[in-house]
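What follows is each chain in one-letter form.
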Amino acid sequence: MSAAVSSECIDNSSCRLRVGSATSLHGTPPHHQMKAPPPGSGIQRPNKPCCFCWCCCCSCSCLAVKGSQDSSSKGKDSNNLDSFNCDGEPPPTLEEIRCWGKSFDKLMRSSAGRKVFRDFLRCEYSEENILFWLACEELKKESNPDVVEEKARFIYEDYISILSPKEVSLDSRVREIVNKNMVAPTPHTFDEAQLQIYTLMHRDSYPRFINSALFKQLAQLGNNNGDGGASAGASGTATPTTAAQRKQSNA
């Protein structure tokens, strides 16, 4: 059977066939729309658009997908490096990174460690804890009474006031001490509150941090930098946190 072609229209820019209702499966469309039928089959199927054809009809998006995959992989690598970009300081050594998993004090004394820990707390919606702690540390460096009072007021409004969306969790005893100290603010007005928040982060957030994918990824990056296999295996995951585990590792 043959296709019943009603008319053929030819112009300078394209070639179109208007096919009537009597079209059969054995019609012969333009060669760039059909590919050779499979062996033993009389059915002709439309040709799959070529990614490298010069015409504008190609709708394949494989090149765009590949580009997005490349950019996403580069983004992952840059994010890992950004975690160590802290105030222009050099990135921490592998030994320092491992110490973060052993000591919360060492983590908080490291500017890079504080930044990574802050990123983790942000994911847990508790970033206000470390922000309050950092604000208290800055207050302790001030000696001018006017500046001390101004900064103390800001800290109280941002982290102590029950009306603040960034209010930290303090018990009634510590909150009462802070209220009394605010009558005449000093660089140590928030010492009790700062210690309580520090302890809260140590006991509550820190164990989850050292077992998180974020910290383990940083340890794996360190392991890829060429340390010994035994050393990397011992420190690439969460380090011993109990007395029994530390005694066993020392033995």
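Everything here concerns the structure above.
Throughout what follows, the structure given in this document is the object of discussion. (Residues numbered from 1 in each chain as written. Predicted model: local features only at pLDDT ≥ 70, side-chain atom pairs only at ≥ 80, totals over all residues. Heavy atoms only, no water.)

Some points on the side chain of serine 110
Locating serine 110 in the fold gives a position in the loop between helix H3 (104-109) and helix H4 (111-123). Judged by its relative accessible area of 16%, serine 110 falls in the buried class. (Helix = DSSP H or I, 4+ residues; strand = E, 2+ residues; numbered from the N terminus. Buried < 20%, exposed > 50% of the residue type's maximum accessible area, 1.4 Å probe, protein only.)

A look at the packing of helix H5 (residues 127-140) against helix H6 (residues 145-160)
The N-to-C vectors of H5 and H6 enclose an angle of 170°; their axes lie 10 Å apart at closest approach. What the angle tells us is that H5 and H6 run roughly antiparallel. Taking contact as the criterion, the partners of Glu128, Leu131, Phe132, Ala135, Cys136, Glu138 and Leu139 in H5 are, on H6, Val148, Lys151, Ala152, Ile155, Tyr159 and Ile160. Taken together, the residues that form the contact of H5 with H6 break down as 10 nonpolar, no polar and three charged. (Axes fitted to C-alpha atoms, helices over the stretch in contact; angles between N-to-C directions. Parallel < 35°, antiparallel > 145°, perpendicular 65-115°, else oblique. Contact = heavy atoms within 4.5 Å. Nonpolar A, V, L, I, M, F, W, Y, C, P; charged D, E, K, R; others polar.)

Observations concerning the nonpolar core
Ranked by size, the top nonpolar core spans 36 residues in total, and within it Phe117, Phe132, Phe190, Met201 and Phe209 carry the most contacts. Among the secondary structure elements, those contributing two or more residues to this core are helix H2 (94-100), H3, H4, H5, H6, helix H7 (172-181), helix H8 (191-210) and helix H9 (213-223). Setting aside residues no more than four positions away along its own chain, phenylalanine 209 makes contact with Leu107, Val116, Phe117, Phe120, Leu214 and Phe215. (Core = buried A, V, L, I, M, F, W, Y, C linked by side-chain atoms within 4.5 Å.)

Some thoughts on the pattern of salt bridges
Here the structure, examined in full by the defined rule, presents 14 salt bridges. Ionic pairing is found between aspartate 119 and arginine 122, a salt bridge with its closest N-O pair at 2.9 Å. Of this pair, aspartate 119 and arginine 122 are both found in helix H4, three residues apart, which corresponds to roughly one turn of the helix. For arginine 122, a relative accessible area of 39% gives the class partly exposed. For lysine 151, the salt bridge identified is with glutamate 142, shortest N-O distance 2.7 Å. Glutamate 142 gets classed as partly exposed once you look at its relative accessible area, which sits at 23%. (Salt bridge = Lys/Arg side-chain N within 4 Å of Asp/Glu carboxyl O.)

Thoughts on unusual backbone geometry
Even without being a glycine, tyrosine 125 presents a positive backbone phi close to 60°. With respect to the element layout, tyrosine 125 can be found in the loop between H4 and H5.

Some points on the side chain of serine 126
Within the element layout of this structure, serine 126 appears in the loop between H4 and H5. What serine 126 contacts, discounting residues up to four positions off in sequence, is Leu121 and Ser205.

Re H4
In a regular helix each residue adds 1.5 Å, so 13 residues correspond to 18 Å; H4 covers 19 Å between its end C-alpha atoms and thus fits that length. Restricting attention to buried positions, one finds in H4 the residues Ser111, Ala112, Gly113, Val116, Phe117, Phe120 and Leu121. Measuring from the backbone nitrogen of alanine 112 back to the side-chain oxygen at the start of H4 gives 3.4 Å, which picks out serine 110 as the cap. Directly after H4, the chain includes tyrosine 125, whose backbone phi takes a positive value near 60°. (Expected span 1.5 Å × (residues − 1). Polar contact = N/O pair within 3.5 Å; in protein donor to acceptor, adjacent residues only side chain to side chain.)

Quick notes on the packing of H7 against H8
The geometry of H7 relative to H8 is characterised by a closest axis approach of 8 Å and an angle of 150° between their N-to-C directions. With respect to each other, H7 and H8 are oriented roughly antiparallel. On H8, the residues that touch Arg173, Val174, Ile177 and Val178 of H7 are Glu192, Ala193 and Gln196. Here the contact of H7 with H8 is composed, by residue class, of four nonpolar, one polar and two charged.

By themselves, these figures tell us nothing about what the structure is for.
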